Amino acid sequence: MSQCSDPLMKKQMCFLLARHRINFEVEGDDDEEELNEIIGNEKLSEEFLKVAQDLDVTEAKTPEDIYKSHLAETGGFSRRREAGGAVVDSA
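Residues numbered from 1 in each chain as written. Predicted model: local features only at pLDDT ≥ 70, side-chain atom pairs only at ≥ 80, totals over all residues. Heavy atoms only, no water.

## A word on the overall build of the protein chain
Looking only at helices and strands, one finds 6 helices and 0 strands in the protein chain. Reading the secondary structure of the protein chain in the N-to-C direction produces α-α-α-α-α-α. For the protein chain, buried positions account for 15% of its 91 residues. The contacts in the protein chain between residues at least 6 apart in sequence include a share of 23% that link residues at least 24 apart. Here the protein chain has roughly 8,100 Å² of accessible surface; of this, 50% comes from carbon and sulfur atoms. (Helix = DSSP H or I, 4+ residues; strand = E, 2+ residues; numbered from the N terminus. Buried < 20%, exposed > 50% of the residue type's maximum accessible area, 1.4 Å probe, protein only. Contact = heavy atoms within 4.5 Å. Areas by Shrake-Rupley, 256 points an atom, 1.4 Å probe, with all protein chains shown as cover.)

Next comes the structure, spelled out in structure tokens:
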């Protein structure tokens, strides 16, 4: 890991080590403490929350947001049903 100069790449490698539960200790690095915390999954929930905020998925979605049922009424699935196609339950 000492050969890698990109700090984001180092973090990603530490997350991979943590995911596979490989015991590894970073030594002699500027971000040694942070990288060892990542490997130990000490702040895993905080990282998941950061990703959720970045992706804007922290708020619960309604079924209409997920299935886009308002689009089905104007075309797409509703036209196929009227044209004699088989009725398919999406759930």
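Once the structure has been displayed, the description carries forward.
## Concerning the nonpolar core
The biggest cluster of nonpolar side chains holds 6 residues, and these are Cys14, Leu17, Val26, Leu35, Ile38 and Ile39. Those elements that provide at least two residues to this core are helix H1 (7-19) and helix H2 (32-39). It is H2 that contributes the most residues to this core, 3 residues altogether. Those residues in contact with Cys14 that lie beyond four places of it in its chain are Met1, Val26, Leu35, Ile38 and Ile39. (Core = buried A, V, L, I, M, F, W, Y, C linked by side-chain atoms within 4.5 Å.)

## A few points about helix H3 (residues 44-55)
The end-to-end C-alpha separation of H3 is 17 Å, in line with the 16 Å expected for 12 residues at 1.5 Å each. With 1 of 12 residues buried, H3 is to be regarded as a mostly surface element. Taken from the residues just after H3, Asp56 is the one with a positive phi, measuring 55°. (Expected span 1.5 Å × (residues − 1).)

## Some remarks on H1
Between its terminal C-alpha atoms H1 stretches 18 Å, which fits the 18 Å expected from 13 residues at 1.5 Å a residue. For H1, the set of buried residues is Lys10, Cys14, Leu17 and Ala18. Angular distribution of buried residues about the axis of H1 spans 100°; they occupy a single face of the element. Along H1, exposed side chains directed more than 90 degrees from the buried face belong to Leu8 and Arg19. Buried residues in H1 make contact with H2. (Arc of directions from axis to C-beta.)

Such coordinate-based values are descriptive only and should not be taken to indicate function.
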